[in-house]
Amino acid sequence: MSELIDLRSDTVTRPGPGMRAAMAAAEVGDDVLGQDPTAQRLQELAAERFGFEAALFFVSGTQSNLAALMTHCQRGDEYLVGQEAHSYRYEQGGAAVLGSIQPQPLNNQPDGTLALTDLAAAIKPDDAHFCRTRLLTLENTIHGKVLPASYVAEALVFARAHGLATHLDGARLLNAMTARGCGEREIASGFDTVSLCLSKGLGAPAGTLLLGSKPLIAQARRWRKALGGGLRQVGVLAAAGLYALEHHVGRLAEDHENARQLGEGLRALGLEVEPVQTNMVFVRIPPSRVAALAASLKQQGVQALIGERSRLVTHLDFKAEQIAPVIEGFRRGLAA
Ligand SMILES: *Cc1c(COP(=O)(O)O)cnc(C)c1O
């Protein structure tokens, strides 16, 4: 198979021999009955590592986010969320459609944060006309940006002061941790629940962990079953997650360095590149060049989502040696 270069997302990675061996060797049992030892091991390890009482394995981040929102909010409650947040924008409105939870979307600031003044103005008074505002949801990283630590601390204090629960969509939280140079406990600390994808930069074929207190995770486990997420011998997937946490966290810095170099190379071609913080490069393509560039890259074996604001994502299966061919691909594609 020829080595295609794929920058569409960090979800395109395929499990390598070590991960597959771990999956093949996994001890398994019926996890709906709470008897899958590998899932239990993963959940216990993650809870301990991130500083939570409990953790729960989900098949996807969408399901984990939804179960978390349904755990925090009752029917007719409301959650505060960014317009650009995955749980609002890219999950088909599941919170409203399936959870009977009203979203209150707010504009994200350029750094990905939600302004505390906007949050304060959006909280509804205790009045029969309104939903009850119950929950603040943040996302880190958000479109490749790391939320400033000082902002997260302030937002958590704000939420407590207003009686709001907090959920962090940390699909790429370990990218945020890597960029900040802190530890797992620090990056996740203070939130009531945190959702963390194993299938993005960590390279597992499936899986998301939800972290929280024992009572919250017990309730999320109930919702997971209702959402069709109770799995049987899930240890084969959990084993991939354990392997990813053991082997693929330290190397995220490589993805960030590759993204940084890719961004520099594209900037050197005269393109406008947004500052690169983690494993995503956002680059402006002149509108008149979009179609030709997309066709040319495809023909050169570079898979990428090309638009006026193109997003290129580095990952486990993108190697440093592929940076130069991608930049050359852009150079040729723009000249075409
Ligand atoms: C990918 C992603 C999700 C959802 O994960 P799926 O496994 O694709 O359902 C949630 N939030 C963010 C920020 C994501 O990037």
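Remember, predicted model here, so these are calculated numbers, not experimental data.

A.B. asks: Talk me through the pairing of strand 3 (residues 77-82); I want residue IDs and the actual numbers.
C.D. replies: Among the 6 residues that make up strand 3, 6 are buried, leaving the element largely enclosed by the rest of the structure. On strand 3, burial covers both faces: Asp77, Tyr79 and Val81 on one face and Glu78, Leu80 and Gly82 on the other are all buried. Sheet topology note: the strand 3/strand 4 (residues 102-106) ladder contains 5 bridges and is parallel. Within strand 4, the residue paired with Leu80 across the bridge is Gln104.

A.B. asks: Account for the packing of aromatic side chains, with residues named and values stated.
C.D. replies: By the definition in use, this model includes 0 aromatic pairs. Taking the ring centre of Phe58 as reference, the NZ or CZ of Arg224 above it sits at 6.0 Å. Sitting above the plane of the Phe282 ring, Arg309 keeps its charged end 4.1 Å from the centroid.

A.B. asks: An account of the sheet that holds strand 9 (residues 272-273) is requested, with residue identities and associated values reported.
C.D. replies: Here 3 strands make up an open sheet; going across it, the order is 9-10-12 and the pairing antiparallel. Across the chains shown, the open sheet's two edge strands, defined by having one partner strand only, are strand 9 and strand 12 (309-313). As paired elements, strand 9 and strand 10 (residues 280-284) share 2 bridges and run antiparallel to each other. Looking at the pairing, Glu272 lines up with Arg284 of strand 10.

A.B. asks: Summarise the nonpolar core; cite the residues concerned and give the values.
C.D. replies: Formed by 51 residues in total, the largest nonpolar core has its most connected members in Leu136, Leu138 and Leu174. The element best represented in this core is helix 7 (residues 149-161), accounting for 6 residues. Ignoring any residue separated from it by four or fewer positions in sequence, one finds Leu174 in contact with Phe50, Glu184, Leu196, Leu202, Leu245, Val249 and Leu252. In this structure, Leu271, Val281, Ile285 and Val302 belong to the second largest nonpolar core, which totals 23 residues.

A.B. asks: Can you break down the site of the ligand residue by residue, with the values?
C.D. replies: Near the ligand the following residues occur: Ser60, Gly61, Thr62, Asn65, His86, Glu91, Glu139, Asp169, Ala171, Arg172, Cys197 and Lys200. The separation between a nitrogen atom of the ligand and a polar side-chain atom of His86 is 3.5 Å. With respect to the ligand, the side chain of Arg172 contributes an N or O atom lying 2.9 Å from an oxygen atom. Alone, the ligand offers 380 Å² of accessible surface; in the complex the protein occludes 83% of this. In terms of residues, the shell around the ligand owes the most to one element, helix 3 (residues 61-72), which gives 3 residues.

A.B. asks: Lay out the pattern of salt bridges in plain terms, naming residues and giving numbers.
C.D. replies: Here the idea is simple: oppositely charged side chains can pair when their charged atoms come close. According to the stated counting rule, one finds 19 salt bridges in the structure shown. When the shortest N-O distance is used, the salt bridge between Asp255 and Arg251 registers 2.5 Å. The salt bridge partner of Glu328 is Arg331, with a shortest N-O separation of 2.9 Å. Of this pair, Glu328 and Arg331 both sit in helix 14 (residues 323-335), separated by 3 residues, roughly a single helical turn. A relative accessible area of 43% places Arg331 in the partly exposed class. A single network of salt bridges, built from pairs that share partners, joins Asp77, Arg132 and Arg134.

A.B. asks: Give a detailed account of the pairing of strand 5 (residues 132-139), specifying residues and quantitative values.
C.D. replies: Of all 8 residues making up strand 5, 6 are buried, and the element is well covered by its neighbours. Running through helix 7, the crossover from strand 5 to the neighbouring parallel element strand 6 (residues 165-169) is right-handed.

A.B. asks: I'd like a rundown of the side chain of Gln63, residues and numbers included.
C.D. replies: Take Gln63: it is sitting in helix 3. With relative accessibility at 11%, the residue Gln63 sits in the buried group. For Gln63, the residues in contact, after removing those within four places along its chain, are Phe58, Arg224, Leu227, Gly228 and Gly229.

A.B. asks: Lay out the packing of helix 8 (residues 173-180) against helix 12 (residues 252-268) with the relevant residues and their values.
C.D. replies: At a closest axis distance of 9 Å, the pairing of helix 8 and helix 12 adopts a crossing angle of 75°. The pairing of helix 8 with helix 12 is recorded here as roughly perpendicular in orientation. On helix 12, the residues that touch Leu174, Asn175, Thr178 and Ala179 of helix 8 are Leu252, Ala253 and His256. Classifying every residue of the contact of helix 8 with helix 12 by side-chain character gives 4 nonpolar, 3 polar and no charged.

A.B. asks: Explain the state of the cysteines to me, and be specific about the residues and the numbers.
C.D. replies: Counted according to the given criterion, the structure contains 0 disulfides. Between Cys131, a cysteine without a disulfide, and Cys73, which holds the nearest cysteine sulfur, the sulfur-to-sulfur distance is 9.6 Å. There is no disulfide at Cys197, and the cysteine sulfur nearest it, in Cys182, is 18 Å away. The class for Cys197 is buried, based on a relative accessible area of 6%.

So, how was this worked out
- Counting starts from 1 at the beginning of each chain's written sequence and moves along it residue by residue.
- Predicted model: local features are reported for residues with pLDDT of at least 70 only, side-chain atom pairs are reported and counted for 80 or more only, and whole-chain, interface and lining totals are derived from all residues.
- Hydrogen atoms and water are omitted, and side-chain values are computed over all heavy atoms in the structure.
- A 1.4 Å probe rolled over the protein chains alone gives each residue an accessible area, and that area as a share of the maximum for its type sets the label: buried under 20%, exposed over 50%, partly exposed in between.
- Secondary structure elements are defined from DSSP: runs of H or I of at least 4 residues count as helices, runs of E of at least 2 residues count as strands, and each element is numbered from the N terminus.
- One bridge is not enough; two strands pair if DSSP finds at least two bridges between them.
- Pairing of aromatic rings covers Phe, Tyr and the six-membered ring of Trp, with a centre-to-centre limit of 6.5 Å; geometry is then stacked below 30 degrees between planes, edge-to-face above 60, and tilted otherwise.
- We count a charge as sitting over a ring when the NZ of a lysine or the CZ of an arginine lies within 6 Å of the ring centre and within 35 degrees of the ring normal.
- Note on terminology: a nonpolar core comprises buried Ala, Val, Leu, Ile, Met, Phe, Trp, Tyr and Cys residues joined through side-chain atoms within 4.5 Å.
- A contact between two residues is defined here by any heavy atoms of the two lying within 4.5 Å.
- Neighbouring residues are identified by heavy atoms, a residue being near a molecule or strand if any of them is within 4 Å of it.
- Here a polar contact is taken to be a pair of N or O atoms separated by no more than 3.5 Å, where protein atoms must pair a possible hydrogen donor with a possible acceptor and residues adjacent in sequence count only if both atoms sit in side chains.
- Only the protein chains shown count as cover for residues, and all accessible areas are computed by the Shrake-Rupley method using a 1.4 Å probe.
- For salt bridges, the criterion is a side-chain nitrogen of Lys or Arg within 4 Å of an Asp or Glu carboxyl oxygen.
- Here, the term right-handed applies to a crossover whose path from the first strand over the helix to the second runs clockwise when the strands point away from the viewer.
- Lines fitted to the C-alpha atoms define the axes, with helices restricted to the stretch that makes contact. Angles between their N-to-C directions range from 0 to 180 degrees.
- Orientation categories follow fixed angle ranges, with anything under 35 degrees roughly parallel, anything over 145 roughly antiparallel, 65 to 115 roughly perpendicular, and all other angles oblique.
- Amino acids outside the nonpolar list (Ala, Val, Leu, Ile, Met, Phe, Trp, Tyr, Cys, Pro) and the charged list (Asp, Glu, Lys, Arg) are all regarded as polar, and Gly is one of them.
- Put simply, a disulfide is two cysteine sulfurs that come within 2.5 Å.

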